[in-house]
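Commentary on secondary and tertiary structure
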Amino acid sequence: MIFAPDCLADRRILVAGASSGLGRQVAIQMAECGAEVVLAGRNEARLAETLSAMAGTNHRIVLADLSSVDAADDLVKTTVAAVGPLHGVFYSAGESALAPVRTTKAQHLEQVFGAGLFGAFGVARAASRKGALCDGGSLVFMSSVSATRGRRGMAAYSAAKAGIGGLIRALAIELAPRSIRANAIAAGAVVTAMHDAFAGTVSEEMVGNYRDLHLLGFGRPEDIGHCAVFLMSDASRWITGQSLAVDGGYTAK
Ligand SMILES: NC(=O)c1ccc[n+]([C@@H]2O[C@H](COP(=O)([O-])OP(=O)(O)OC[C@H]3O[C@@H](n4cnc5c(N)ncnc54)[C@H](OP(=O)(O)O)[C@@H]3O)[C@@H](O)[C@H]2O)c1
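Because the structure is predicted, anything quoted here is derived from the model rather than measured. (Residues numbered from 1 in each chain as written. Predicted model: local features only at pLDDT ≥ 70, side-chain atom pairs only at ≥ 80, totals over all residues. Heavy atoms only, no water.)

The subject of this paragraph is the overall build of the protein. Helix and strand content of the protein: eight helices and seven strands. Computed over C-alpha atoms, the radius of gyration of the protein comes to 17 Å, within 12% of the 18 Å expected from 2.2 N^0.38 for 253 residues, which places it in the range of a compact globule. Long-range pairs, those at least 24 residues apart, make up 73% of the contacts in the protein between residues at least 6 apart in sequence. When the accessible surface of the protein is totalled, it reaches about 11700 Å², and 54% of it is carbon and sulfur. Measuring between centres, the 23 positive side-chain charges of the protein sit 6 Å from its 22 negative side-chain charges. (Helix = DSSP H or I, 4+ residues; strand = E, 2+ residues; numbered from the N terminus. Rg over C-alpha atoms; globule rule 2.2 N^0.38 Å. Contact = heavy atoms within 4.5 Å. Areas by Shrake-Rupley, 256 points an atom, 1.4 Å probe, with all protein chains shown as cover. Lys, Arg positive; Asp, Glu negative; His and termini not counted. Charge placed at Lys NZ, Arg CZ, Asp CG, Glu CD.)

Moving on: the site of the ligand. Near the ligand, the surroundings consist of 30 residues, among which Ser-19, Ser-20, Tyr-157, Val-190 and Thr-192 are the closest. At 2.7 Å, a backbone N or O of Leu-66 approaches a nitrogen atom of the ligand. Contact between the ligand and Val-190: an oxygen atom at 2.7 Å from a main-chain N or O atom of the residue. Protein contacts shield 92% of the accessible area of the ligand, which totals 880 Å² for the unbound molecule. Of all the elements in the fold, those that place two or more residues in the shell around the ligand are helix H1 (21–32), strand E5 (133–144), helix H5 (155–175) and helix H6 (193–199). With three residues, E5 is the largest single contributor of residues to the shell around the ligand. Split by residue class, the shell around the ligand holds 13 nonpolar, twelve polar and five charged. (Near = heavy atom within 4 Å. Polar contact = N/O pair within 3.5 Å; in protein donor to acceptor, adjacent residues only side chain to side chain. Nonpolar A, V, L, I, M, F, W, Y, C, P; charged D, E, K, R; others polar.)

On inspection of all chains with the given rule, the structure shows zero disulfides. Unpaired in this structure, Cys-7 has its nearest cysteine sulfur neighbour in Cys-33, at a distance of 3.8 Å. Under the relative-accessibility criterion, Cys-33 is labelled buried at 2%. (Disulfide = S-S within 2.5 Å. Buried < 20%, exposed > 50% of the residue type's maximum accessible area, 1.4 Å probe, protein only.)

Following the criterion strictly, the structure yields ten salt bridges and no others. Salt-bridge contacts for Lys-77 lead to Asp-74; the nearest nitrogen and oxygen are separated by 3.6 Å. Pair noted here: Lys-77 and Asp-74 are both in helix H3 (residues 69–83), with a separation of three residues, about one helical turn. Given a relative accessible area of 45%, Lys-77 falls into the partly exposed group. Here Asp-74 falls in the partly exposed class, since its relative accessible area comes to 41%. When the shortest N-O distance is used, the salt bridge between Asp-135 and Arg-178 registers 3.0 Å. With Asp-135 in strand E5 and Arg-178 in the loop between H5 and strand E6 (181–187), the pair connects residues that are 43 residues apart, well separated along the chain. Note on Arg-178: relative accessible area 17%, which makes it buried. Among the charged side chains, a salt-bridge network with shared partners connects Asp-70, Asp-73, Asp-74, Lys-77, Arg-125 and Arg-129. (Salt bridge = Lys/Arg side-chain N within 4 Å of Asp/Glu carboxyl O.)

It is the contact of H3 with helix H4 (residues 106–128), at a shortest axis distance of 7 Å, that shows an interaxial angle of 40°. When the axis of H3 is compared with that of H4, the two are oblique. Between H3 and H4 lies a crossing whose hand is right-handed. Each of Val-69, Asp-70, Ala-72, Asp-73 and Val-76 in H3 lies in contact with H4, whose residues at this interface are Phe-118, Gly-119, Gly-122, Val-123, Arg-125, Ala-126 and Ala-127. Split into classes, the residues belonging to the contact of H3 with H4 amount to seven nonpolar, two polar and three charged. (Axes fitted to C-alpha atoms, helices over the stretch in contact; angles between N-to-C directions. Parallel < 35°, antiparallel > 145°, perpendicular 65-115°, else oblique. Left-handed = near helix turned anticlockwise from the far one by under 90°.)

A few words now on the sheet that holds strand E3 (residues 60–63). A sheet is described by the order of its strands in space; here seven strands give the open sequence E3-E2-E1-E4-E5-E6-E7, paired in parallel fashion. What marks the edges here is a single partner per strand, and that holds for E3 and strand E7 (243–246). Across the sheet, the mean angle from the axis of one strand to that of its neighbour is 20°, orientation sign disregarded. For strand E2 (residues 36–41) and E3, the ladder comprises four bridges, and the chain directions are parallel. Directly across from Ala-40, in E3, lies its bridge partner Val-62. In the packing of H4 onto the sheet, contacts are made with strand E4 (86–91) and E5, and the angle to E4 comes to roughly 170°. Packing against the sheet, helix H8 (residues 221–232) makes contact with strand E1 (12–16), E4, E5, E6 and E7, and its axis sits at approximately 165° to E6. (Pairing = 2+ DSSP bridges.)

For H8, with twelve residues, the first-to-last C-alpha span of 16 Å sits near the 16 Å given by 1.5 Å per residue. Among all positions of H8, only Pro-221, Ile-224, Gly-225, Cys-227, Ala-228, Val-229, Leu-231 and Met-232 are buried. Where H8 is buried, its residues contact E1, H1, E4, E5, E6 and E7. (Expected span 1.5 Å × (residues − 1).)

Below is the structure:
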């Protein structure tokens, strides 16, 4: 344990996209730090797997498809009605799909923008309403190095993640009077199911070249978990409106 085991004690935190990858790992680490966690996603069996790996017994699962603004807004509303005002939200739901701009169809954009941007916006909208988030709360959204760096085939994903950057900056200004913070984690490549899906579509050599762009190699889910716990805790009380690079040095070049 790097953090004090009570650094998130008595905090109710919603983790959206908790059935896999980074959301799962963050939920596990937040529970280790004493938080009461609401796990949201579409796949009940995989959410239950996350739950079974968590410390403590006061967590719960909520099923939600977050591909629209209204559905994500409803998730926050029903969660708050069930457990009371939240102290934080970690938003990790999203999909990536490779396609060059030339062949990108509306359906592809809807897939990537759905949970990746519209759902994030819906959570932000609901969390902004009085009574949804406690004063002093923290909103953390998963972004990517793709928000600020171009790569072939990543236009839709990059646009969605750049949208997260815009969202958190405006949100930070709107919520500052209540000391509610809004930040993003701009991650480099972390080995998760999403990463494996990408790696499965390209050659080993390309995966190796991509790894070499990260000065410290590919990341592990707990590298993001540590940053998420920090951003959720009082240790980051003076940080808002920022996309923190957690990318093994990818953007240093
Ligand atoms: N892994 C990386 O290298 C990396 C790097 C930079 C940024 N990120 C970002 O980090 C976030 C998490 O990535 P990951 O690697 O953990 O991916 P992952 O393992 O594929 O997990 C994605 C999560 O999003 C949920 N999700 C997707 N669409 C959803 C929808 N419509 N409604 C509700 N939940 C939905 C999935 O839940 P269900 O399918 O169970 O519903 C799953 O829990 C994403 O936003 C991704 O863009 C990842």
